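# Structural characterization, general
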Amino acid sequence: MAGALSFENEVMRGFAFYAALVVLKMMLMSLLTAVNRFRYMIFANEEDRVDKKAKVEFTHPVVERVRRNHLNDLENIVPFVLLGYLYVLTGPAPSTGLWHFRLFGFSRILHTFCYQIPIPQPSRALCFFIGMAVNVSMAIQVILYTK
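Rules of the game
- Residues numbered from 1 in each chain as written.
- Predicted model: local features only at pLDDT ≥ 70, side-chain atom pairs only at ≥ 80, totals over all residues.
- Heavy atoms only, no water.
- Salt bridge = Lys/Arg side-chain N within 4 Å of Asp/Glu carboxyl O.
- Helix = DSSP H or I, 4+ residues; strand = E, 2+ residues; numbered from the N terminus.
- Buried < 20%, exposed > 50% of the residue type's maximum accessible area, 1.4 Å probe, protein only.
- Core = buried A, V, L, I, M, F, W, Y, C linked by side-chain atoms within 4.5 Å.
- Contact = heavy atoms within 4.5 Å.
- Expected span 1.5 Å × (residues − 1).
- Polar contact = N/O pair within 3.5 Å; in protein donor to acceptor, adjacent residues only side chain to side chain.
- Patch = residues over 30% accessible without salt bridge, like charges linked within 9 Å, V, L, I, M, F, W, Y side chains within 5 Å.
- Areas by Shrake-Rupley, 256 points an atom, 1.4 Å probe, with all protein chains shown as cover.
- Phe/Tyr/Trp six-rings, centres within 6.5 Å; stacked < 30°, edge-to-face > 60°.
- Lys NZ or Arg CZ within 6 Å of the ring centre and 35° of its normal.
- Axes fitted to C-alpha atoms, helices over the stretch in contact; angles between N-to-C directions.
- Parallel < 35°, antiparallel > 145°, perpendicular 65-115°, else oblique.
- Left-handed = near helix turned anticlockwise from the far one by under 90°.
- Nonpolar A, V, L, I, M, F, W, Y, C, P; charged D, E, K, R; others polar.

Turning next to the pattern of salt bridges. Enumeration according to the criterion identifies four salt bridges in this entry. Arginine 108 is the partner of aspartate 73 in a salt bridge, and the nearest nitrogen-oxygen pair spans 2.7 Å. Residue aspartate 73 is located in helix H2 (residues 61-89), and its partner arginine 108 is located in helix H3 (residues 94-116); the two are separated by 35 residues in the primary sequence. Among the residues examined, arginine 108 registers a relative accessible area of 0% and is labelled buried. Taken together, the shared-partner salt bridges connect Lys25, Asp73 and Arg108 into one network.

What follows is the structure, given as C-alpha cells:
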C-alpha cells in the first residue's frame, strides 16, 4: 500500500494538489482577517492596538464576515485533508478520486467568493453542501472499505 501514497499515484498527486490549494486558501483567510483589522483599526485584544484610535471590538461586520468564513474553512478543510488521505488509501479509480478533490476545491474557493462579495443565497449554501457531500462520500467509502 506504500505505492498509494506515492506521487507516482495519480490519485495521490491530485489529492496533494487540491489539499495544498485549499489549505493555502484557508491560510490566506488569516491574512485577510489581519488586513481588515488594520484597515478598520479593529482588534481582538487590548495589547494588539497599534495606536489610541484603534478599538477592541468583536462585532465589526467586515472583520467578523472574514472570521466566520475562516472558521467555516477550518470546519470543512481539515476533515477534507484527513478523509482525503484515508480515501487515497482505498485505491479509488483515478477519475472518481480526482472528481472528489476537484469538486471540493472549487466548492471551497467559490464559497469564499460568495461569502466575501457577498452573493445572495443559495449560492453560498450550494457551495457548502457540495463540499460537505464530497467529505461524506469519502467518509462512507473509507468506512465501507475498512469493514
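Okay, back to it.
The subject of this paragraph is the environment of phenylalanine 17. Checked against the element boundaries, phenylalanine 17 lands in helix H1 (residues 10-40). Considered as a pair, phenylalanine 17 and threonine 112 are 95 residues apart in the sequence and their alpha carbons are 19 Å apart.

Glancing now at the nonpolar core. Of all hydrophobic cores here, the largest spans 18 residues; its most connected members are Phe15, Phe80, Val88, Phe101, Phe104 and Met138. No other element matches the seven residues that H1 contributes to this core. Those residues in contact with phenylalanine 104, other than ones at most four positions away along the chain, are Val22, Asn76, Ile77, Phe80, Gly131, Val134 and Asn135.

Before going further, it helps to spend a moment on H1. Side chains that are three or four residues apart share a direction in an α-helix, a result of its 3.6 residues per turn. Taking 1.5 Å per residue, 31 residues should reach 45 Å; H1 reaches 45 Å between its end C-alpha atoms and fits that length. Sitting at the amino-terminal end of H1 is asparagine 9, which places a side-chain oxygen 2.9 Å from the backbone nitrogen of valine 11. With its phi angle positive at about 55°, methionine 41 sits one or two positions after the end of H1.

A word on helix H4 (residues 123-146). When the terminal C-alpha atoms of H4 are compared, their 35 Å separation across 24 residues agrees well with the 34 Å that a helix rising 1.5 Å per residue should span. Burial in H4 covers these residues: Ser123, Cys127, Gly131, Val134, Asn135, Met138 and Val142. Elements in contact with the buried residues of H4: H2 and H3.

A surface patch of nonpolar side chains, about 510 Å² in accessible area, is lined by Phe106, Leu110, Phe113, Ile117 and Ile119. Within the fold, isoleucine 119 resides in the loop between H3 and H4. We classify isoleucine 119 as partly exposed; its relative accessible area is 35%.

Before going further, it helps to examine the packing of aromatic side chains. Geometry of an aromatic ring pair is reported as the spacing of the ring centres plus the angle between the planes. One pass over the structure, following the stated rule, counts nine aromatic pairs. Ring geometry for phenylalanine 17 against tyrosine 18: centres 4.9 Å apart, planes inclined by 90°, an arrangement best described as edge-to-face. Residue phenylalanine 17 is classed as partly exposed on the basis of its relative accessible area, which comes to 49%. Ring pairs connect the aromatic residues Phe15, Phe80, Tyr87, Phe101 and Phe104, which therefore count as one cluster. One Lys or Arg, arginine 102, reaches over the ring of tryptophan 99 and ends 5.2 Å from the middle of that ring. Between arginine 124 and the ring centre of tyrosine 115, over which it is positioned, the NZ or CZ distance is 4.1 Å.

Below, the discussion takes up the packing of H1 against H3. The relative placement of two packed helices comes down to the angle between their axes together with the axis-to-axis distance. In contact at an axis separation of 8 Å, H1 and H3 are set at 15° when each is read in the N-to-C sense. Judged by the angle between their axes, H1 and H3 are roughly parallel. Judged by the sense of rotation from one axis to the other, the crossing of H1 with H3 is left-handed. Residue-level contacts link Glu10, Val11, Gly14, Phe15, Tyr18, Leu21, Val22, Lys25, Met29 and Leu32 of H1 to Pro94, Leu98, Phe101, Arg102, Phe104, Gly105, Phe106, Arg108, Ile109, Thr112 and Gln116 of H3. Its residues placed into classes, the contact of H1 with H3 shows 13 nonpolar, four polar and four charged.

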